[in-house]
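What follows is the residue order along each chain.
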Amino acid sequence: MLYKKIAKPVLFGMDPEKAHHVIIDGMHTVGKLPGGRMLLRWVWGVRPAPELEMQLWGITFANPVGLAAGLDKNAKAVPAFSNIGFGFMEVGTVTPKPQAGNELPRLFRLPEDAALINRMGFNNVGIEGMKRNLRNQGKRTIPLAINIGKNKSTPNEQAEEDYRACIQALYGYGDFFVVNISSPNTPDLRNLQHGDDLSRLLAAVKDEVRKQHARFGGREKPVLVKIAPDLQPQEVEYMVDTILRSNISGIIVSNTTISRDGLQSAHRSEAGGLSGRPLTKRSTQLIRAVYKATGGQLPIIGSGGIFSAQDAYEKIRAGASLVEVYTGLIYEGPALIGRINEGLRALLRKDGFKHISEAIGSEHRG
């Protein structure tokens, strides 16, 4: 109630991007205060539940609910977000050079649709800025994914150099990496999702990961690909085939959509990527299709329109091993994370599952 009754009315009274900065700056400050992280854990922390703990790629996830990329773009508030119940979090999208992103205004609330539209354009402090932020935060307490992209000024033919630069600079700071080729807000970026461009890019990324692994030792860090929800069925099949042949570790389904079907809000015609409730069913359908196309052999992180445990559970039953929230967090507040975890435990019990791994893709087994 703390968020719904006090914080949300204040934040929703502000310009959306200003409110975004208030949240990130506030979380950054609380994370640095003596006792700040403990306070966050006391208010919003989630009790560990053995039936929700996941092992993927040699990484332990205390629970399957993560924070999607786009909220903490510059990894400024990782300690604070790590203490409000998330099982993992994604930072970024980061590009090699800092960039300002698109012109303001570029973030819009659609309350009637429980949605957001953004056309931020990968505004971020660049790899050196993110490295500084992560270096100053001490030991991580939950797995961290770094979402990487290309600078707007880099032509697609040279995109692989940008992705390589991100991995070179940040390999020692993340637990896994996410290749973002699906934002609708960088011109021509989505073209990298197809055919030879995708094969070449993923080969370069994997090559760079191998090089950095040789430098750092330990286990080789996983690389996932984040795809768009606006793909045709045939495109999904081709893309999944390319990803499987590229030896990539998993797929995030999905990014924001450019569709505007059925929206009520006055901001519905704004350009950019739509996230939130209108994406719930669409992303779950795409998870289903990707799970079928991969024969369930590639872990999927489900993202898009998760506002409840039921939303998360439907994505898990469709084939997701983990899930991510963003817009749901903005509308519902941090208590959402605990509610999803509690709800998932109840749903597993109801269906007779002893562990969440039994529910993954269960709808495909009848």
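Please refer to the structure higher up on the page.
Figured I'd write up the structure that's included with this text. (Residues numbered from 1 in each chain as written. Predicted model: local features only at pLDDT ≥ 70, side-chain atom pairs only at ≥ 80, totals over all residues. Heavy atoms only, no water.)

Take the sheet that holds strand S8 (residues 176-180) next. Strand order in this closed barrel of eight strands is S3-S4-S7-S8-S9-S10-S12-S13, and the pairing throughout is parallel. Averaged over all adjacent pairs, the angle separating strand axes in this sheet is 25°, with direction ignored. Here strand S4 (residues 88-94) pairs with strand S7 (residues 144-148) via five bridges, running parallel. The residue bridging Glu 90 from the neighbouring strand is Ala 145, located in S7. (Pairing = 2+ DSSP bridges. Helix = DSSP H or I, 4+ residues; strand = E, 2+ residues; numbered from the N terminus. Axes fitted to C-alpha atoms, helices over the stretch in contact; angles between N-to-C directions.)

As for its position among the elements, Ser 82 is in the loop between helix H4 (78-81) and S4. Looking at Ser 82, the relative accessible area reads 9%, which means it is buried. There is a polar contact of 2.7 Å between the side chain of Ser 82 and the backbone oxygen of Val 78. With near-sequence residues (within four places) excluded, Ser 82 lies in contact with Met 89, Thr 141 and Ile 142. (Buried < 20%, exposed > 50% of the residue type's maximum accessible area, 1.4 Å probe, protein only. Polar contact = N/O pair within 3.5 Å; in protein donor to acceptor, adjacent residues only side chain to side chain. Contact = heavy atoms within 4.5 Å.)

With that settled, the discussion passes to helix H8 (residues 233-245). Over its 13 residues, H8 runs 19 Å from end to end, which matches the ideal 18 Å to within 8%, given 1.5 Å per residue. Of the positions making up H8, those classed as buried are Val 236, Met 239, Val 240, Thr 242 and Ile 243. Across the axial projection of H8, the buried residues extend over an arc of 160°, all falling on one side. Opposite its buried face, H8 presents the exposed residues Gln 234, Glu 237, Tyr 238 and Arg 245, each directed more than 90 degrees away. Considering only its buried residues, H8 is in contact with helix H7 (195-216), strand S9 (223-227), strand S10 (250-253) and helix H9 (280-294). Asn 247, located one to two residues past H8, shows a positive phi value of around 65°. (Expected span 1.5 Å × (residues − 1). Arc of directions from axis to C-beta.)

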